[in-house]
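Chain residues, written in single-letter form:
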Amino acid sequence: MQADNFEVLQKLLKQRSGLVVSPEKAYLLESRLMPVARKWSVKGLDELVALVRAKRDEKLLQDITEAMTTNESSFFRDTRPFDQFKSVVLPQLMEQRASRRHLRIWCAAASTGQEPYSLAMVLHEERVRMNGWRVEILGTDLSTEVLDKARDGVYSQFEIQRGLPITYLVKYFRQDGDKWLLSPEIRQMVDYRPFNLLEDPTALGRFDIVFLRNVLIYFDRPDKASILGRVAKLMPSDGVLYLGGAETVFGISDRFKPVEGQRGIYQPTSDAEPSSAGRQAAAF
Amino acid sequence: MKTCLVVDDSRVVRKVARKILEELEFACDEAEDGKQAMDHCMVTMPDAILLDWNMPVMNGIEFLRALRQMTHGAEPKVVLCTTENDLNHIQEALSAGANEYIMKPFDSDIIQNKFEQVGLL
Ligand SMILES: C[S@@+](CC[C@H](N)C(=O)[O-])C[C@H]1O[C@@H](n2cnc3c(N)ncnc32)[C@H](O)[C@@H]1O
């Protein structure tokens, strides 16, 4: 690919999704964008960039952006965050929200659904204790293709073998040939909609728990900082943010502080707004 | 060091599984069928058992049921590892006392993941 064409793609991706493509990663463009080139009936990436220049077609730009996302995910990814959610974070929030009985959870890079569905299964297991509670789980992603797959809730043997405890498979999945179909009762616990983390999330509402896992790694520091800043604004001061195993807020944003004794989870710093439940409690 | 008994009638599968488990720092023993596995467990009860289903002499489920009746037979974590990949088989294995279930083909990631889930790692 010509150097100036590489730069066009690099700029386009940075602008549209935050993705940083260093010159050493140029090979990724080749492998992931060739299918897009074929779809748009051009020979190679230089021709694809020519098409971008000529048309500025929104659908083409979206195809390029989506093709460059890394969508890898798994059920109960890394195990620990979900154990921690079940045994520490959820009981604590249930206590703090005891009068309101309402929780909102946001999976901000939901990919093909394994993360929100893992949470939904954990919550479903707790349904006796959570009787009378309203729990909303919102899964968003830049890529509409992964969201379609998430909504379908159909997974391969390979996918259900990664991280999903066998007892959950037996309880919550039905088999159809070599495919595994997630039960409607879990699927209907999660709503999906497209959302780009580079945009203002205010319209999504407020969230007690945010999973922002394995996505910040693709962005540069200013983008990481502004995303964390916008997410913090949606959270009450006792809300909890989950990042991926290789991600941190240290040296990037002071809008979150680590939760003592708990690895990988963070809470908004005190200048964030308190929850309405918090305000209520303080008034008594 | 934790111990794991690999029970499979295929020498190749035993070899591959042993290599993966040794990398996860298990001391491994092998058995070719359920009968050999019983003999082994009567002498030393392993911490973990990676167990095939279809084997001559005594199959995996027969062995598992017998194992769970033995003194200390409830202790080993048993992970089925088999080509049987339908829900009925999985349910049967769970009710016979399996802790986890791997559908072949397997790789080191799956074994590590399942061993973590049952608390062996
Ligand atoms: C590696 S997956 C992480 C999935 C899941 N959170 C997990 O930890 O397993 C990263 C996801 O982030 C999405 N993504 C990348 N850039 C994004 C952006 N600017 N806004 C929203 N989602 C984005 C990708 O489409 C992809 O599905």
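Just so it is clear, the model here is predicted, and its values are computed rather than measured. (Residues numbered from 1 in each chain as written. Chains lettered and ligands numbered in written order. Predicted model: local features only at pLDDT ≥ 70, side-chain atom pairs only at ≥ 80, totals over all residues. Heavy atoms only, no water.)

Peer 1: I'd like to hear about the overall build of chain B, residue by residue, with values.
Peer 2: Helix and strand counts for chain B come out as five helices and five strands. For chain B, the α and β elements follow one another from N to C terminus as β-α-β-α-β-α-β-α-β-α. Relative to its length of 121 residues, chain B is compact, with a C-alpha radius of gyration of 13 Å against a globular reference of 14 Å. Across its three principal directions, the C-alpha atoms of chain B cover 35 × 30 × 25 Å. Residue burial in chain B is summarised as follows: out of 121 residues, 52% are buried. Sequence separation of 24 or more characterises 60% of the internal contacts of chain B that already satisfy a separation of 6 or more. Carbon and sulfur atoms make up 47% of the accessible area of chain B, which amounts to about 5700 Å² in all. (Helix = DSSP H or I, 4+ residues; strand = E, 2+ residues; numbered from the N terminus. Rg over C-alpha atoms; globule rule 2.2 N^0.38 Å. Buried < 20%, exposed > 50% of the residue type's maximum accessible area, 1.4 Å probe, protein only. Contact = heavy atoms within 4.5 Å. Areas by Shrake-Rupley, 256 points an atom, 1.4 Å probe, with all protein chains shown as cover.)

Peer 1: Before we move on, could you go through the packing of helix α3 (residues 45-55) of chain A against helix α4 (residues 58-67) of chain A and cite the residues and values that matter?
Peer 2: All names here are of chain A. Relative to each other, α3 and α4 sit at 140°, their axes nearing to 9 Å. One way to sum up the angle between α3 and α4 is to call them oblique. Between α3 and α4 lies a crossing whose hand is left-handed. On α4, the residues that touch L48, L51 and V52 of α3 are L60, L61 and I64. (Axes fitted to C-alpha atoms, helices over the stretch in contact; angles between N-to-C directions. Parallel < 35°, antiparallel > 145°, perpendicular 65-115°, else oblique. Left-handed = near helix turned anticlockwise from the far one by under 90°.)

Peer 1: Help me get a handle on the domain arrangement of chain A, residues and values and all.
Peer 2: Residue and element names in this part refer to chain A. Segmenting chain A into domains produces domain 1 (3-69) and domain 2 (80-283). Look at where the C-alpha atoms of domain 1 and domain 2 centre, and you get two points 31 Å apart. Each side of the interface is counted separately: domain 1 has 11 residues, and domain 2 has 10 residues. When the area that domain 1 buries against domain 2 is broken down by residue, the three leading residues are K14, S17 and E66, summing to 46%. Counting across the domain 1 and domain 2 interface gives two salt bridges. Residue D220 pairs with K14 through a salt bridge whose shortest N-O separation is 3.4 Å. Summed over the shared surface of domain 1 and domain 2, the result is seven residue pairs in polar contact (both at pLDDT 80 or more). (Domains from an automatic or database assignment. Buried area = accessible area lost by both parts, 1.4 Å probe. Salt bridge = Lys/Arg side-chain N within 4 Å of Asp/Glu carboxyl O. Polar contact = N/O pair within 3.5 Å; in protein donor to acceptor, adjacent residues only side chain to side chain.)

Peer 1: Now, about the nonpolar core: what can you tell me, with residues and values included?
Peer 2: F85(A) and F173(A) are the most contacted members of the largest nonpolar core, which has 67 residues in total. What F173(A) contacts, discounting residues up to four positions off in sequence, is F75(A), M121(A), Y155(A), I160(A), L164(A), Y168(A), W180(A), L181(A), L182(A) and L87(B). Within the second largest apolar cluster, 25 residues are counted, among which are F195(A), V210(A), V231(A) and L243(A). (Core = buried A, V, L, I, M, F, W, Y, C linked by side-chain atoms within 4.5 Å.)

Peer 1: An account of the sheet that holds strand β5 (residues 100-103) of chain B is needed here, citing residue identities and associated values.
Peer 2: Residues and elements named next belong to chain B. If you walk across this open sheet you meet the five strands as β2-β1-β3-β4-β5, and the pairing is parallel. Edge strands, defined here as strands with exactly one partner in the open sheet, are β2 (26-31) and β5. With direction set aside, neighbouring strand axes in the sheet form an average angle of 20°. Where strand β1 (residues 2-7) meets strand β3 (residues 48-51), four bridges bridge the pair, whose relative direction is parallel. Residue pairing across strands places L5 opposite I49, the latter belonging to β3. (Pairing = 2+ DSSP bridges.)

Peer 1: For helix α4 (residues 87-96) of chain B, give the residues involved together with the corresponding values.
Peer 2: Buried within α4(B) we find L87(B), I90(B), A93(B) and A96(B). Where α4(B) is buried, its residues touch α9 (166-172), β4 (173-176) and β5 (179-182) of chain A together with α3 (60-69), β4 (77-82) and β5 of chain B. Backbone geometry just after α4(B) places G97(B) at a positive phi near 115°.

Peer 1: For the pattern of salt bridges, give the residues involved together with the corresponding values.
Peer 2: Within the structure shown, the criterion is met by 27 salt bridges over all chains. A salt bridge links K59(A) to D63(A); its shortest N-O distance comes to 2.8 Å. Note that K59(A) and D63(A) are positioned in helix α4 at a spacing of four residues, about one turn of the helix. Here K59(A) falls in the partly exposed class, since its relative accessible area comes to 43%. With a closest N to O distance of 3.1 Å, K114(B) and E100(B) form a salt bridge. Here K114(B) is found in helix α5 (residues 108-117), whereas its partner E100(B) is found in strand β5, with 14 residues between them in sequence. Accessibility expressed as a relative area gives 1% for K114(B), which makes it buried. Look at E100(B) and you get buried, because its relative accessible area is 3%. Salt bridges linked by common partners bring R14(B), R18(B), E22(B) and E30(B) together as one network.

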